[in-house]
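Each chain is listed here by its residues.
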Amino acid sequence: MVKHNAHVKAFNMYNEMQQKKYIPDVRAYNALIEAVPFIRDNPEDVWQVLEQLLKQMSKEDIQPTLYTFNAVMRVLTKNRDVGRFYGMQVINEMKAIGIEPSLGTYASLLNIHVNPKYPVKQANVLYDILDDLEDQEFVLRHPRDEFFFFEAMCVCSNAKDLELAYKLDALLNTGSNSMLLGGMSFQNMYYSRFFNLITQFESVDAMLEYYEQLVPQALLPFSTMYIDILQSIESAGAYHKIPRIWQDAANYGRKFDENLLDTLLKIMAMSTVDKQLHEEFCSIVSDTMKIARQPDQQRGSNRMRGRPPRSIRVTQKMLNNMVVTYLKGEQLDEARKVLDYSKKAKITPSNIVLEDFLSTCIQVGDKQMALGCIEVAVHHMMTGSSTMADRIKEEMVLNNEERKHLDYILQERQ
């Protein structure tokens, strides 16, 4: 009945059995314990019913099992105020009658002590647990056992405690304990939280060493993970690591993620690196432009396969950063292509970026590129068009035909 959510009916049947002197077996009591939160709302009432059931089991000489105590602990996770008071008492009682708590028992104990405002308190509970379990090897004794390592790593993550995470991971890698990590989803969530802590507190070299160990054997990388990696690389100034990380992200299908691309482009645009690395950054920007143009190039073939074209939405910030990266890499022609794309995509570049583009044109003496810059500004009806045109007249030597062409461009704005 409990399996089918008939909790009240289950207790009614239990009361009838008691009246008729029928003795339920331990599995029936375990089911009744699980049903208690559904028939009582008040936490103290919940604990009172649990006590009554456990006392009745003792009176009927029914030996509780691991499943019995884990059911009690699960109930206490739903009544944390009571659970914080009685949780350890339950575990001590288990040990007193010779039942060793399983990992699932400790997973429930961690849940009992969840407190988003004070994650360190929960971390202290986990430190105590790990001190007791250190160097031990476990086997699966209860379905909840597979929740322990993931939920424990969540505690480490919430408390931002890398030392605790390393201690937990050492237990996971003791003997065959890794078999208790659960399925692929739990494994991925465990290692993603673990790696996130590593990106926050370890050096870039140590972070990338763990990256090599975990990806893809234990962790299927996702976009936010690569964002964390890039931000760590930026903080450490290890910009030479970016091309490798971008290549991996693309290989694992993350090149269409706009947040990742936005982060990548911003970091490259703001960096100060040598000419060779700038050229590699420009190559990455070219990859991004190919992705941006991909719907037009592949629309027909994708429709024939019955799939919508994959694309990204290029924002103004992304476009600005593309232009800046090309300018730093001394690739004026490629920067101009991005500005031409801005007209088609209806993305207005910033005045500062166009001013930088124009300054580069003036510096290298490329009058055609400079006039093209004014065309872009006029197309987007930017207020600085006239000022930029005046700069061209003052700082570049134009022949009559070029001056007429510049005036013609400006007239189109009116």
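Fair warning: this is a prediction, and the values are worked out from it, not measured in the lab.

Reading guide: rules and limits
Residues numbered from 1 in each chain as written. Predicted model: local features only at pLDDT ≥ 70, side-chain atom pairs only at ≥ 80, totals over all residues. Heavy atoms only, no water. Helix = DSSP H or I, 4+ residues; strand = E, 2+ residues; numbered from the N terminus. Rg over C-alpha atoms; globule rule 2.2 N^0.38 Å. Buried < 20%, exposed > 50% of the residue type's maximum accessible area, 1.4 Å probe, protein only. Areas by Shrake-Rupley, 256 points an atom, 1.4 Å probe, with all protein chains shown as cover. pLDDT = per-residue confidence, 0-100. Contact = heavy atoms within 4.5 Å. Salt bridge = Lys/Arg side-chain N within 4 Å of Asp/Glu carboxyl O. Expected span 1.5 Å × (residues − 1). Phe/Tyr/Trp six-rings, centres within 6.5 Å; stacked < 30°, edge-to-face > 60°. Lys NZ or Arg CZ within 6 Å of the ring centre and 35° of its normal. Core = buried A, V, L, I, M, F, W, Y, C linked by side-chain atoms within 4.5 Å. Patch = residues over 30% accessible without salt bridge, like charges linked within 9 Å, V, L, I, M, F, W, Y side chains within 5 Å. Lys, Arg positive; Asp, Glu negative; His and termini not counted. Charge placed at Lys NZ, Arg CZ, Asp CG, Glu CD. Polar contact = N/O pair within 3.5 Å; in protein donor to acceptor, adjacent residues only side chain to side chain. Disulfide = S-S within 2.5 Å.

Student: What should I look at first to understand the overall build of the protein in this one?
Tutor: If you tally the helices and strands in the protein, you get 21 helices and 0 strands. For the protein, the C-alpha radius of gyration of 32 Å lies well beyond 22 Å, the compact-globule estimate for 414 residues. Expressed along its principal axes, the backbone C-alpha trace of the protein runs to roughly 110 × 45 × 40 Å. Buried residues in the protein amount to 49% of all 414 residues. Surface exposure of the protein reaches about 21,500 Å², of which carbon and sulfur atoms provide 48%.

Student: When you look at the confidence of the model for the protein in this model, what are you seeing that I'm missing?
Tutor: Detail in the predicted coordinates should be disregarded across regions flagged by low pLDDT. Summarising the model, the protein shows a mean pLDDT of 89, and 91% of its residues fall at 70 or more. For the stretch residues 296-306, pLDDT sits under 50, and the model shows 8 contacts to residues farther than four places along the chain or on other chains.

Student: Sorry, what's going on with the pattern of salt bridges here?
Tutor: Close approach of charged atoms allows side chains of opposite charge to pair. This model, assessed by the stated rule, comprises 16 salt bridges. Residue Arg27 is joined to Asp25 by a salt bridge in which the shortest nitrogen-to-oxygen separation is 3.6 Å. When its relative accessible area of 64% is taken as the criterion, Arg27 is described as exposed. On the basis of relative accessibility, which here comes to 38%, the residue Asp25 falls in the partly exposed class. Taking the shortest distance from any N to any O, the salt bridge between Glu258 and Arg313 comes out at 3.9 Å. Highlighted residues: Glu258 in helix H14 (residues 258-270) and Arg313 in the loop between helix H15 (275-304) and helix H16 (316-328), separated in sequence by 55 residues. Among the residues examined, Arg313 registers a relative accessible area of 54% and is labelled exposed.

Student: Would you mind going over unusual backbone geometry with me for this structure?
Tutor: It is generally the case that most residues other than glycine have a negative phi and that most peptide bonds are trans. With omega at -5 degrees, the peptide bond leading from Val215 into Pro216 counts as cis. Along the chain, Pro216 falls in the loop between helix H11 (204-214) and helix H12 (223-236). Of note in this structure, Asp61 is not a glycine but carries a positive phi near 60 degrees. Looking at the secondary structure, you find Asp61 in the loop between helix H3 (43-59) and helix H4 (66-77). Accessibility expressed as a relative area gives 72% for Asp61, which makes it exposed. A positive phi angle, near 60 degrees, is found at Glu330, a position not held by glycine. Tracing the sequence through the fold places Glu330 in the loop between H16 and helix H17 (332-345).

Student: Would you take a moment to explain H4 for this structure?
Tutor: Structural remark: α-helix, 3.6 residues per turn; residues separated by three or four positions point the same way. The end-to-end C-alpha distance of H4 is 17 Å, a good match for the 16 Å that 12 residues give at a rise of 1.5 Å each. Buried residues dominate H4, accounting for 10 of its 12 residues. Within the span of H4, buried status applies to Leu66, Thr68, Phe69, Asn70, Ala71, Val72, Met73, Val75, Leu76 and Thr77. The inward-facing, buried residues of H4 contact helix H2 (26-35), H3, helix H5 (80-96) and helix H6 (103-112).

Student: I keep staring at the packing of aromatic side chains and nothing clicks. Help me out?
Tutor: The geometry of an aromatic ring pair is captured by two quantities: the separation of the ring centres and the angle between the planes. Counted under the stated rule, the structure contains 12 aromatic pairs. With 5.1 Å between their ring centres and 70 degrees between their planes, Phe147 and Phe186 make a pair best called edge-to-face. Remark: Phe186 occurs in helix H10 (residues 184-201) and Phe147 occurs in the loop between helix H7 (119-133) and helix H8 (148-159); sequence separation between them is 39 residues. Phe147 sits in the partly exposed class, given a relative accessible area of 28%. For the ring pair Tyr190 and Tyr191, a centre distance of 4.9 Å and an interplane angle of 85 degrees mean the geometry is edge-to-face. Considered together, Tyr190 and Tyr191 belong to a single accessibility category, that of buried residues. These aromatic residues form a ring-pair network of at least three members: Tyr166, Tyr190, Tyr191, Phe194 and Tyr210. Between Lys121 and the ring centre of Tyr118, over which it is positioned, the NZ or CZ distance is 4.9 Å. Taking NZ or CZ as reference, Arg144 lies 4.5 Å from the ring centre of Phe147, over its face.

Student: What am I meant to see in the nonpolar core here?
Tutor: Side chains of a nonpolar character, in soluble globular proteins, are inclined to be buried together. Formed by 133 residues in total, the largest nonpolar core has its most connected members in Leu76, Phe148, Phe149, Ile229 and Ile242. In this structure, Ile229 is in contact with Phe195, Thr199, Met207, Leu208, Tyr211 and Ile245, ignoring residues within four places of it in sequence.

Student: How should a negative patch on the surface be read in this particular structure?
Tutor: There is a patch of like negative charges on the surface, built from Asp274, Glu279, Glu280 and Glu330. With relative accessibility at 40%, the residue Glu279 sits in the partly exposed group.

Student: Hey, could you run me through H3 in this one?
Tutor: With 17 residues, H3 extends 24 Å from end C-alpha to end C-alpha; this agrees with the ideal 24 Å at 1.5 Å per step. Within H3, burial applies to Val46, Trp47, Val49, Leu50, Leu53, Gln56 and Met57. One side-chain oxygen at the N-terminal end of H3 lies 2.8 Å from the backbone nitrogen of Glu44; it belongs to Asn42. The first or second residue beyond H3 is Asp61, which carries a positive phi of 60 degrees.

Student: Hey, could you run me through the state of the cysteines in this one?
Tutor: A disulfide bridge is the covalent bond that connects two cysteines by way of their sulfur atoms. Under the criterion given, the structure shown has 0 disulfides. Left unpaired, Cys154 is separated from the closest cysteine sulfur, that of Cys156, by 9.0 Å. Not engaged in a disulfide, the cysteine Cys373 finds its nearest cysteine sulfur in Cys361; these two sulfurs lie 6.1 Å apart.

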